[in-house]
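Structural overview for review
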Amino acid sequence: MKLYDISQEVFSCAVYPGDPAPAREVLASLDTGDVCNLTAFSMCAHNGTHIDAPAHFVKGGKTVDALPLDALIGQAIVIFHQGEIAAADAKRMLKMAGNIKKLLIKGDATLTLEAAHVLAAGGIDLFGNESQTVGPEQAPMAVHLCLLGADVVLLEGIRLAHVPDGTYLLHAAPLNLGGADGAPCRATLMEL
């Protein structure tokens, strides 16, 4: 059984332009004579590898703690793509996925609004990509609204360069942050 960690390390992770970067504070240290090591940290819910819940863009949408676990854990397919993902690409990806409802895109890819509509209509429950956002970085709102409005969970900021294309068991459960619009997660893939 081979396992792949597809997460970014939090304190050195990529950050969406304008979001605060994660910060660590040492509260106690064995090196200075304290009884233990103790760390506090702060971060944006959308730093590094993270989940977007519908509440991120949809008023009244599900928050992280209300997401069904079966949308975050289950069979997923990794497909390589470079550049814009057009509607025709999305149709091809859905055909490749068959009954698999979790689609992970490997490569420097940007989801177009037309492709987002195809994926939402295709019944996927999770879409993951390597970028810090789905859709164009300068204007991500429309793609987010399309997918999150269809209750498609977004898994952003994954790292797939070391993962061959194929089918895996995905585990991408986020921190259980009550009422939050997103949350960091330690995403992993296991060979089936």
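Computed from a prediction, not measured in an experiment: that's the story for all the values here.

Among the secondary structure elements, Asp52 is positioned in strand β4 (residues 50-52). Arg159 is the oppositely charged side chain nearest to the buried, salt-bridge-free Asp52, at an N-O distance of 13 Å. What Asp52 contacts, discounting residues up to four positions off in sequence, is His46, His144, Leu148, Val153, Leu154, Glu156 and Asp181.

Along the chain, Ile85 turns up in strand β6 (residues 83-85). Each C-alpha atom of the pair Ile85 and Thr112 lies 5.9 Å from the other, and the pair is 27 residues apart in sequence. With near-sequence residues (within four places) excluded, Ile85 lies in contact with Ala90, Met93, Ile105, Ala109, Thr110, Leu111, Thr112, Ala115 and Phe127.

The residue Val118 is located in helix α2 (residues 113-121) in this model. Take Val118: its relative accessible area is 17%, and that puts it in the buried class. If sequence neighbours within four positions are ignored, Val118 has contacts with Ala87, Ala90, Lys91 and Leu94.

Now for the pattern of salt bridges. As enumerated under the stated definition, the model contains five salt bridges in all. Measuring nitrogen to oxygen at the nearest pair gives 3.7 Å for the salt bridge that ties Lys62 to Asp151. In this pair, Lys62 is assigned in the loop between β4 and β5 (73-80) and Asp151 in the loop between α3 (141-149) and β10 (153-156), connecting sequence segments 89 residues apart. For Lys62, a relative accessible area of 33% corresponds to the partly exposed category. Where Asp125 meets Lys102, a salt bridge forms, and the shortest distance between an N and an O atom there is 3.0 Å. Of this pair, Asp125 sits in the loop between α2 and β9 (126-129) while Lys102 sits in strand β7 (residues 102-106), and the two are 23 residues apart along the sequence. Accessibility classification places Asp125 together with Lys102 in one group, the buried group.

This part takes up the packing of α2 against α3. Any two packed helices are characterised by how steeply their axes cross, that is the angle between the axes, and by the distance between the axes. Packing of α2 against α3 leaves a shortest axis separation of 9 Å and a crossing angle of 5 degrees. Relative to α3, the element α2 is oriented roughly parallel. Of the residues in α3, those in contact with Leu113, Ala116, His117, Leu119 and Ala120 of α2 are Ala142, Val143, Cys146 and Leu147. Looking at side-chain class alone, the contact of α2 with α3 contains eight nonpolar, one polar and no charged residues.

Turning our attention to the nonpolar core. Membership of the largest hydrophobic core comes to 25 residues, with the highest contact counts inside it found for Ile6, Leu104, Leu155, Leu160, Val163, Leu170 and Leu189. Where this core is concerned, the elements lending two or more residues are β5, β10 and β11 (166-171). When residues no more than four places from it in sequence are discounted, the contact partners of Leu170 are Ile6, Leu72, Ile73, Gly74, Ala76, Lys102, Leu104, Leu126, Leu155, Thr188 and Leu189.

Running from amino to carboxyl end, helix α1 (residues 87-97) crosses α2 at an angle of 30 degrees, the nearest separation of the two axes being 7 Å. The pairing of α1 with α2 is recorded here as roughly parallel in orientation. In terms of crossing hand, the pair formed by α1 and α2 is right-handed. Along the contact surface, α1 presents Ala87, Ala90, Lys91 and Leu94, while α2 presents Glu114, Ala115, Val118 and Leu119.

Procedures and definitions
Residues numbered from 1 in each chain as written. Predicted model: local features only at pLDDT ≥ 70, side-chain atom pairs only at ≥ 80, totals over all residues. Heavy atoms only, no water. Helix = DSSP H or I, 4+ residues; strand = E, 2+ residues; numbered from the N terminus. Buried < 20%, exposed > 50% of the residue type's maximum accessible area, 1.4 Å probe, protein only. Lys, Arg positive; Asp, Glu negative; His and termini not counted. Salt bridge = Lys/Arg side-chain N within 4 Å of Asp/Glu carboxyl O. Contact = heavy atoms within 4.5 Å. Axes fitted to C-alpha atoms, helices over the stretch in contact; angles between N-to-C directions. Parallel < 35°, antiparallel > 145°, perpendicular 65-115°, else oblique. Nonpolar A, V, L, I, M, F, W, Y, C, P; charged D, E, K, R; others polar. Core = buried A, V, L, I, M, F, W, Y, C linked by side-chain atoms within 4.5 Å. Left-handed = near helix turned anticlockwise from the far one by under 90°.

Coordinates in, geometry out; function isn't part of it.
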